[in-house]
Amino acid sequence: MTDSSTRDFYDSLAPDYHRVFADWDANMAYQAAVLEPLLGPGPHRVLDCSCGIGTQAIGLALAGHRVVGSDLSPVAAARATTEASARGAVLPTAAADMRQLPFAASAFDVVVCADNSVAHLLTAPDVEAALASMRRALREGGLLLLTVRDYDEIRRTRPGAAPPQVSDGSDGRAITFQLWHWHADGEHYDQEYFQLVSGGGDDWSVRVRRTTSWALSRAQLTEFVTAAGFVDLRWHEPAPGGFYQPVLTARRPASG
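The sections below set out a description of the structure shown in this document. (Residues numbered from 1 in each chain as written. Predicted model: local features only at pLDDT ≥ 70, side-chain atom pairs only at ≥ 80, totals over all residues. Heavy atoms only, no water.)

Time to look at the side chain of T211. Inspection of the secondary structure puts T211 in strand β9 (residues 204-214). In contact with T211, not counting residues within four places along its chain, are T6, F9, H120, Y189, D190 and Q191. (Helix = DSSP H or I, 4+ residues; strand = E, 2+ residues; numbered from the N terminus. Contact = heavy atoms within 4.5 Å.)

What follows concerns unusual backbone geometry. Of note, the amide linkage connecting G42 to P43 takes the cis form, showing an omega dihedral of 5°. When you line up the elements, P43 lands in the loop between α2 (24-39) and β1 (45-48). The residue D115 is not glycine, and still its phi comes out positive at about 55°. Taking relative accessible area as the criterion, D115 reaches 16% and is therefore assigned buried. Its identity is not glycine, yet R158 carries a phi of approximately 45°, on the positive side. Here R158 is to be found in the loop between α6 (151-157) and β6 (161-169). (Buried < 20%, exposed > 50% of the residue type's maximum accessible area, 1.4 Å probe, protein only.)

Here we take up the nonpolar core. Of all hydrophobic cores here, the largest spans 33 residues; its most connected members are L39, V46, V67 and L91. At the level of elements, α1 (3-13), α2, α3 (55-62), α4 (74-86), β4 (108-113) and β5 (138-147) are the ones that each hand at least two residues to this core. At six residues, the largest contribution of residues to this core is made by α2. Those residues in contact with V67 that lie beyond four places of it in its chain are V46, A57, L60, A61, V90, L91 and P92. By size, the runner-up hydrophobic cluster in this structure holds 28 residues, among which are L101, L138, L221 and F230. (Core = buried A, V, L, I, M, F, W, Y, C linked by side-chain atoms within 4.5 Å.)

Shape descriptors only; they carry no functional weight alone.
This is the structure:
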């Protein structure tokens, strides 16, 4: 994980991240609704350790959970707190690297790392450090919830781009798409993240950000999570009425 380049990517994207969604508020509500059943009866103390601008964290806070957010990007984390407050939710946040989470041991019932954030960990030691940090933050028996792209299929086909997304909001129309440049190892790829934002009429601005990801297969991520000491690993596949990405849940052992 290249701290500065990943942080710079999300610092730059934070003001525009809501444009990824056709309707960000509706998406927050949808994500909370489909993730909540995986958490079990609550309310829970939840850490969203890759909270971004709050897409999962705000929805879960509005659903009644006590949520804390952290993100490598201080700009994104600050926006998450502001957006939560505007919607009547309380969401304290911190700028923090998921490999070194600055929270007390056993402080949370649930740790969430969603929206493919784990893919920004580019080496095995990075993934191992992050999972160890998440495990430390969880109470015994606590739940880990990770969501990732369907990299098993993506690595088979190695697409050169992700499908475009169009949003229409009060701040105008935007088109978001990504170009992917695969490394020779067939697992890592560089992303060029384009946003075309309408300024009215024929006036469009083009914003480009760049970052790198590791296309971790289910088998690789399962092995990392198991080696980190988690148990009861379960994959939840995308399905109608479910989450839009594969979800991996696991638990810190009840005595360990």
